[in-house]
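Report on the structure
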Amino acid sequence: MSVLMVNDQMDFNSLKELLNLTDGNLASHLRALEEQSYIAIQKQFVGRKPNTTYQATEEGKKAFNEHLKALETLIKSNL
């Protein structure tokens, strides 16, 4: 999610390379985010090759920011 928070959209291969994940590992994470409606998926063809791009939804952005706030609160309470 953090990658999608700072990029309008990212394609599967770019995410895989950036995060150093296998196809299956990345796909399972993306599936979980999609099931929560945290990401939107767009599938298209570029030439003859399939290209799938992902972007954070408003719901996903809200959930991510709430998660960051919870982490900050946890860190501050342990100082």
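It should be emphasised that the depicted structure is a prediction, and the values quoted were computed from it without experimental measurement.

1. Quick look at the environment of S77
- Topologically, S77 is positioned in helix α4 (residues 58-77).
- Relative accessible area serves as the criterion here: at 55%, S77 is assigned to the exposed category.
- Along the primary structure S77 and N51 are separated by 26 residues, whereas in three dimensions their C-alpha atoms are 44 Å apart.
- A distance of 2.8 Å separates a polar atom in the side chain of S77 from the backbone oxygen of L74.

2. Section: the pattern of salt bridges
- Under the definition given, this model contains three salt bridges.
- Between K62 and E66 there is a salt bridge whose closest N-O contact spans 4.0 Å. Of this pair, K62 and E66 are both found in helix α4, four residues apart, which corresponds to roughly one turn of the helix.
- Assessed through its relative accessible area of 56%, K62 is described here as exposed.

Conventions we followed
- Residues numbered from 1 in each chain as written.
- Predicted model: local features only at pLDDT ≥ 70, side-chain atom pairs only at ≥ 80, totals over all residues.
- Heavy atoms only, no water.
- Helix = DSSP H or I, 4+ residues; strand = E, 2+ residues; numbered from the N terminus.
- Buried < 20%, exposed > 50% of the residue type's maximum accessible area, 1.4 Å probe, protein only.
- Polar contact = N/O pair within 3.5 Å; in protein donor to acceptor, adjacent residues only side chain to side chain.
- Salt bridge = Lys/Arg side-chain N within 4 Å of Asp/Glu carboxyl O.

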